[in-house]
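# Geometric and topological summary
Listed below are the residues making up each chain.
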Amino acid sequence: MSKIILTGDRPTGKLHVGHYVGSLRRRVELQNSGEYDKIFIMIADAQALTDNADNPEKIRQNIIEVALDYLSCGLDPNKSTLFIQSQIQELTELSFYYMNLVTVSRLQRNPTVKAEIQMRNFETSIPVGFFTYPISQAADITAFKATTVPVGEDQLPMIEQCREIVRKFNSVYGDTLVEPEALIPQTQACCRLPGIDGKAKMSKSLGNCIYLSDSADEVRTKVMSMFTDPNHLKITDPGSLEGNTVFTYLDAFCKEEHFGRYLPEYANLDELKAHYQRGGLGDVKVKKFLNNVMQEELEPIRNRRKELEKQIPDIYEILKKGSEVARQEAAKTMADVKAAMKINYFDDAALIASQAEKYAQD
Ligand code: TRP
């Protein structure tokens, strides 16, 4: 069976380093591994509209931001199909039929939906489209017969729900859809990179994100203001790693080779952590090291972005071409689904013949 990747992001803002360590960096590695037959990367504008119905302009503006972030991280349109969700009408059509295979109570139990409803203070005024977005996400994945879905840990309930829909569909209508696997980050730090203030989630409204498009100065200022151990007042005090944002970021970004370049007194991150815990290592020194590590990773991305920003019409063209390719794939699955559900009346010569025969006898 061919190996196919599908994943995507909602275009509600620029992408930040949480997106990067949580999924984007891995996608680029998977893309370049050559192990996948097809890779689809989707800008999920229709999903973003499920809770931004009153602000389509925000989504419209952020499509190019996400595309710039994708390309500057190394997603390559010659290897991966980049496309826009709303341009693939089959996704909406599939969702409509999958809705019949999911109960309201099952959706209510989806932990991600539950958490998001709480976060958005929807209480009882949940838009139906938002409530059912796990179904539309199952359509996104299955339309491309994706086997692998690289996502952040928070998306696991979505993939589980998708797998259930696939099993249900296949058992009712016969083997048609492919059950996907989620691919989540290898380390805890990459699963949940906190905001620079130590809060669990990076979010635009909290103003605690480091964006992939931030300048070198912005990154440095943000790193130097990061939350650490509030009880680590004097350099000689023992420091704690628990909830210490600077160390969480080092877990996500630091490689052993960085020590040789920027902090040769230590062989690796374990030694640095041990010294911090013992006491005698100041926050500023660790932050300066983190800044060097992050700048090294972010600089090439920033430079590529600068170049790409001069080619905006070409980027829309990439998305348009990608959407055409994606549409053809989704149309194939749609035809399989219609045949399995027996709603392909006009292609079904046997149906027409048998109905004709039934009436011919009268
Ligand atoms: N829900 C995902 C997010 O919020 C975005 C998304 C939409 C997605 N459709 C998808 C991710 C399909 C993986 C597969 O980030």
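Residues numbered from 1 in each chain as written. Predicted model: local features only at pLDDT ≥ 70, side-chain atom pairs only at ≥ 80, totals over all residues. Heavy atoms only, no water.

### What about the overall build of the protein?
We apply this condition: Put simply, DSSP marks the helices as runs of H or I at least four residues long and the strands as runs of E at least two long, and each gets a number from the N terminus on. Residue exposure (1.4 Å probe, protein chains only): buried if accessible area is under 20% of the type maximum, exposed if over 50%, otherwise partly exposed. When checking whether two residues touch, look at their non-hydrogen atoms; a contact exists if any pair is within 4.5 Å. Accessible areas in this description were obtained via Shrake-Rupley with a 1.4 Å probe; residue shielding takes into account the shown protein chains only. Positive charge is attributed to Lys and Arg, negative charge to Asp and Glu, and no charge count is given to His or to the chain ends. A charge is said to be at NZ when it belongs to Lys, at CZ for Arg, at CG for Asp and at CD for Glu.
A count of helices and strands for the protein gives 17 helices and five strands. Seen through its principal axes, the protein has C-alpha atoms that stretch 100 × 45 × 40 Å. With 362 residues in all, the protein has 51% of them scored as buried. Considering only intrachain contacts with a sequence separation of at least 6, the fraction spanning at least 24 residues in the protein is 76%. When the accessible surface of the protein is totalled, it reaches about 17900 Å², and 52% of it is carbon and sulfur. Separation of charge centres in the protein, based on 44 positive and 51 negative side chains, amounts to 2 Å.

### As for the environment of Ala48
If you trace the backbone, Ala48 turns up in helix H2 (residues 45–49). Setting aside residues up to four positions removed in sequence, Ala48 forms contacts with Arg10, Pro11, Thr12 and Ile59.

### Details of the packing of aromatic side chains
To keep things clear, this is the line we draw: Pairing of aromatic side chains here covers Phe, Tyr and the six-membered ring of Trp, requires ring centres within 6.5 Å, and sorts the geometry by plane angle: under 30 degrees stacked, over 60 edge-to-face, intermediate tilted.
All chains considered together, the criterion is met by 11 aromatic pairs. Summarising the aromatic geometry, the rings of Phe40 and Phe83 are spaced 6.5 Å apart at their centres and angled 80 degrees between planes, so their arrangement reads as edge-to-face. With Phe40 in strand E2 (residues 38–43) and Phe83 in strand E3 (residues 81–84), the pair connects residues that are 43 residues apart, well separated along the chain. According to the relative accessible area criterion, Phe40 is buried, its value standing at 2%.

### Overview of the domain arrangement of the protein
The extent of an interface is frequently quoted as the accessible surface area lost upon association of the parts. The criterion, for reference: Source of the domain bounds: an automatic or database domain assignment. As used here, buried area is the combined drop in accessible area, with a 1.4 Å probe, of two parts when they are placed together.
Examined at the domain level, the protein breaks down into domain 1 (4–192 + 312–353) and domain 2 (216–308). Taking only C-alpha atoms into account, the centre of domain 1 sits 35 Å from that of domain 2. Taken together, the 15 residues of domain 1 in the interface contact 12 residues of domain 2. Interface area, domain 1 with domain 2, both sides summed: about 1200 Å², of which 61% is carbon and sulfur.

### Some details on the packing of helix H3 (residues 56–73) against helix H15 (residues 283–308)
Short version of the rule: Throughout, an axis means a line fitted to C-alpha atoms (over the contacting stretch in the case of helices), and angles, computed between N-to-C directions, take values from 0 to 180 degrees. By the definition adopted for this analysis, an angle is roughly parallel if under 35 degrees, roughly antiparallel if over 145, roughly perpendicular if from 65 to 115, and oblique otherwise. Should the near helix be turned anticlockwise from the far one by less than a right angle, the crossing is termed left-handed; should it be turned clockwise, right-handed. Each residue is assigned to one of three groups, with Ala, Val, Leu, Ile, Met, Phe, Trp, Tyr, Cys and Pro labelled nonpolar, Asp, Glu, Lys and Arg labelled charged, and all others, Gly among them, labelled polar.
At a minimum axis distance of 8 Å, the contact between H3 and H15 shows a crossing angle of 125 degrees. As judged from the angle between their axes, H3 and H15 are oblique. When you trace H3 past H15, the crossing you get is right-handed. Together, Glu65, Leu68, Asp69, Leu71, Ser72 and Cys73 of H3 and Ile301, Arg304, Arg305 and Leu308 of H15 make up the contact between the two elements. Of the residues contributing to the contact of H3 with H15, the split by class is five nonpolar, one polar and four charged.

### Some points on the site of the ligand
Put simply, the rule reads: We call a residue near a molecule or strand whenever a single non-hydrogen atom of that residue lies within 4 Å of it. Contacts described as polar in this section are N or O atom pairs within 3.5 Å, which, within protein, must combine one atom able to donate a hydrogen with one able to accept it, while residues neighboring in sequence count only if both atoms come from side chains.
The ligand sits among 13 residues. The nearest are Met42, Gln47, Gln137, Asp140 and Gln155. Within the contact set of the ligand, an oxygen atom lies 3.3 Å away from a side-chain nitrogen or oxygen of Arg10. Side-chain polar atom of Gln155 to a nitrogen atom of the ligand: 3.1 Å apart, as the coordinates give it. In the complex, 90% of the free accessible area of the ligand, which totals 370 Å², lies under the protein chains. Listing elements by their share of the shell around the ligand, those giving two or more residues are strand E1 (4–9) and helix H8 (133–143). Here the shell around the ligand is composed, by residue class, of six nonpolar, five polar and two charged.

### Observations regarding the nonpolar core
Quick reminder of the rule: Buried Ala, Val, Leu, Ile, Met, Phe, Trp, Tyr and Cys residues form a nonpolar core when they are joined through side-chain atoms within 4.5 Å.
If you look at the biggest cluster of nonpolar residues, it comprises 59 residues, and the most contacted ones within it are Val17, Tyr249, Phe253 and Leu272. Discounting chain neighbours no more than four positions away, the residues touching Tyr249 are Val17, Leu193, Pro194, Gly195, Ile196, Met202, Ile210, Met226, Cys254, Leu290 and Met294. Judged by nonpolar contacts, the second largest core, of 41 residues, contains Phe83, Phe122, Phe130 and Met341.

### A few points about unusual backbone geometry
In this structure, Lys145 is a non-glycine residue whose phi angle is positive, near 50 degrees. One can find Lys145 in the loop between H8 and strand E4 (148–150).

### Let's talk about the pairing of E2
Where a strand is regular, its side chains alternate between the two sheet faces. Operational definition: Strand pairing is assigned whenever DSSP detects at least two bridges linking the two strands. Here the term right-handed applies to a crossover when the path leading from its first strand over the helix to its second strand runs clockwise, the strands being oriented away from the viewer.
Across the six residues that make up E2, a large majority, five, are buried. Pairing between E1 and E2: six bridges, direction parallel. In the sheet register, Asp9 faces E2, and the bridge partner there is Ile43. In this fold, the crossover linking E1 to E2 by way of helix H1 (residues 17–33) has right-handed handedness.

### Details of the side chain of Ser95
Mapped onto the elements, Ser95 comes out in helix H4 (residues 89–98). A polar side-chain atom of Ser95 sits 2.7 Å from the main-chain carbonyl oxygen of Leu91. With residues up to four places along the chain from it excluded, the contact list for Ser95 reads Ile135, Ser136 and Ala139.

### Some points on the environment of Met202
Summarising the element assignment, Met202 is placed in the loop between helix H10 (188–191) and helix H11 (216–224). Using a relative accessible area of 7% as the deciding quantity, one classes Met202 as buried. Along the chain, Met202 and Leu298 lie 96 residues apart, while their C-alpha atoms are 18 Å from each other. Setting aside residues up to four positions removed in sequence, Met202 forms contacts with His16, Val17, Gly18, Leu193, Pro194, Gly195, Asn208, Cys209, Ile210 and Tyr249.

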